[in-house]
Amino acid sequence: MTKKLLKDALLADLSAVNAILSSLQEDDYVGRMGFEARKEEIETELAGLERSRDTLANVALMFYGKPVHGSRSIATEFAAKALASYQDLVAKHLATSETGGLAQRGPTPARQAANLNITGILHGSFGFLLEESDQDGPQLINSSLREAVDKVTDVLDHFAAESEDPFNTSLNEMDPRLFSSVKTFFKILHDDEATMRIVEGEKDRSFDAKAVDRAHQRCQNASIDEQDLTVTGTLIGVMPYARRFELRIEDTEVITGKVGPIISQEYLNRIETDERVIGRRWEARLFRKSVDRPGQRTQVTYTLLELKDL
C-alpha cells in the first residue's frame, strides 16, 4: 500500500478508537485498557511510517465508472488497456528524462527499468497497487523510476486541470511520443466512460468525468510535430550549464533554444583546451519542435544536437 493510503487508513483507525474511548463509561476499565493499547499501537505505527523512507516507485490507480462494478470487479479489457497505457507513460517519461528525448520510432529505451508490478488489489472502487521491485534493497534517495512516476502524476493532473496554464506548460515541454501516450491514456478512460483516482507519494489526485473529458479534448485538439534540421550558421553563444544556445543563420535570423547534453559537455571540454568556438561558422544539427493548439500561435522550440566543423 502507498504510504499515503496507509497513513490515511491509520488516521481513520485512530479517529475511530478515539471516538470509542470518548464514549466509554469512566468505570469501564477493561474496555478502556484495550482501546488505549490499540491507540498506542496506531500512534507507534504512524510514527514509524513518518520515519520510513519512501524511495521506490509505488502508485495506486483506482478506477470508477462504467467498467467498474462496485468494489467487486472491473472489466478485464479495460483494466488491461489502462494499466498497459499507464506503464507505457512511465516508461517513456523515464526514457525522456534519462536520454533527453526519444527517437521518432522504435523501441523505448530503458523500458525494462521502468517495469512496475501489481502487488495488490484495492477496494472501495476497484484499483491496483503498482510498485517497483526492491531488488537492490533500501535506497537513500529516490529511484529514477520513483521520479518518473511522480512526474507522470503531474503531467496527467496538468492535462486535466481547469486552468489552461498547467496544460500549456506541460505540452510545450513534452516529447511527442510521450504526448501520444498521454493522448492514448485519456482516450481509453473517455471511451470506456471511466474516471480515476491516483495516489502516489503525498499526492492524491481525482479525475472525474469532466476532468477526463477536458483532458481528452485537449489531447485531440493539440498536436506536436518534430523534425531534424541541418543548417549552417555562426554560433553566437552557448551556456552549457543552462543548456541554452544562440545561432545566427543567413546573417539575419537568430535561432535560440536548448542545448543537448552531449553538446554541453563537448563545449566545456573545448573551453578547457582553449579551442575557439564562439564566433565561428558551424554546420549545426537541430531538433525543431512545433506545438499547435486551436486559437493559439504555434510554439516553436529548437534543441542543438550536434556541431560539425565546416
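Residues numbered from 1 in each chain as written. Predicted model: local features only at pLDDT ≥ 70, side-chain atom pairs only at ≥ 80, totals over all residues. Heavy atoms only, no water.

Peer 1: For this particular structure, what's the right way to read the pattern of salt bridges?
Peer 2: Between side chains of opposite charge, a pair can form as their charged atoms come close. Under the criterion given, the structure shown has 15 salt bridges. A salt bridge links D88 to K92; the shortest N-O distance between them is 3.3 Å. Of this pair, D88 and K92 both sit in helix α3 (residues 76–99), 4 residues apart, which is roughly one turn of that helix. Here D150 and K203 are joined by a salt bridge, their closest N and O atoms 2.8 Å apart. Here K203 lies in strand β7 (residues 203–207) and D150 lies in helix α4 (residues 144–160), a separation of 53 residues in the sequence. K203 sits in the buried class, given a relative accessible area of 15%. Among the charged side chains, a network of salt bridges with common partners joins D13, R38 and E41. (Salt bridge = Lys/Arg side-chain N within 4 Å of Asp/Glu carboxyl O. Helix = DSSP H or I, 4+ residues; strand = E, 2+ residues; numbered from the N terminus. Buried < 20%, exposed > 50% of the residue type's maximum accessible area, 1.4 Å probe, protein only.)

Peer 1: I would appreciate a short explanation of the sheet that holds strand β9 (residues 244–249) in the present structure.
Peer 2: Two pairing modes exist for strands in a sheet, parallel and antiparallel, and in both the strands are linked by backbone hydrogen bonds. The strand order around the closed barrel built from 5 strands is β8-β9-β10-β12-β11, with neighbouring strands paired in mixed fashion. Taken pair by pair, the neighbouring strands of this sheet meet at an average axis angle of 50°, ignoring direction. For strand β11 (residues 281–292) and strand β12 (residues 299–309), the ladder comprises 10 bridges, and the chain directions are antiparallel. In the sheet register, F287 faces β12, and the bridge partner there is T303. The strands that helix α5 (residues 164–173) touches are β8 (223–239), β11 and β12; relative to β11, the one it contacts most, it runs at about 145°. (Pairing = 2+ DSSP bridges. Axes fitted to C-alpha atoms, helices over the stretch in contact; angles between N-to-C directions. Contact = heavy atoms within 4.5 Å.)

Peer 1: What is the right way to look at the confidence of the model for the protein chain in this model?
Peer 2: Low pLDDT means the predicted atomic positions in that stretch should not be read closely. Summary statistics for the protein chain give a mean pLDDT of 84 and a share of 91% for residues scoring 70 or more. Note that pLDDT drops below 50 for residues 100–109; the model gives that stretch 24 contacts with residues more than four away or on any other chain. (pLDDT = per-residue confidence, 0-100.)

Peer 1: Just to check I follow, could you spell out the sheet that holds strand β1 (residues 58–65) for this structure?
Peer 2: If you walk across this open sheet you meet the 5 strands as β4-β5-β1-β6-β7, and the pairing is antiparallel. Every other strand in the sheet has two partners, leaving β4 (117–123) and β7 as the edge strands with one partner each. Averaged over all pairs of adjacent strands, the angle between their axes in this sheet comes to 20°, without regard to strand direction. As judged from the 5 bridges shared by strand β6 (residues 194–200) and β7, these two strands associate in the antiparallel manner. Across the sheet, the residue bridging to E200 is K203, located in β7.

Peer 1: Explanation requested: the packing of α4 against helix α6 (residues 176–191) in the structure shown.
Peer 2: A pair of packed helices can be characterised by two numbers: the angle between their axes and the separation between those axes. Direction vectors running N to C along α4 and α6 enclose 65°, while the axes themselves pass 11 Å from each other. By the angle class used here, α4 and α6 are roughly perpendicular. Pair α4 / α6 crosses with right-handed handedness. For the pair α4 and α6, contact is made by V155, L156 and F159 and by F179, V182, F185 and F186, respectively. Taken together, the residues of the contact of α4 with α6 sort by class into 7 nonpolar, no polar and no charged. (Parallel < 35°, antiparallel > 145°, perpendicular 65-115°, else oblique. Left-handed = near helix turned anticlockwise from the far one by under 90°. Nonpolar A, V, L, I, M, F, W, Y, C, P; charged D, E, K, R; others polar.)

Peer 1: Just to check I follow, could you spell out the side chain of S143 for this structure?
Peer 2: As for its position among the elements, S143 is in the loop between β5 (126–131) and α4. On the basis of relative accessibility, which here comes to 5%, the residue S143 falls in the buried class. A polar contact is formed between the side chain of S143 and the side chain of E132, at a distance of 2.8 Å. (Polar contact = N/O pair within 3.5 Å; in protein donor to acceptor, adjacent residues only side chain to side chain.)

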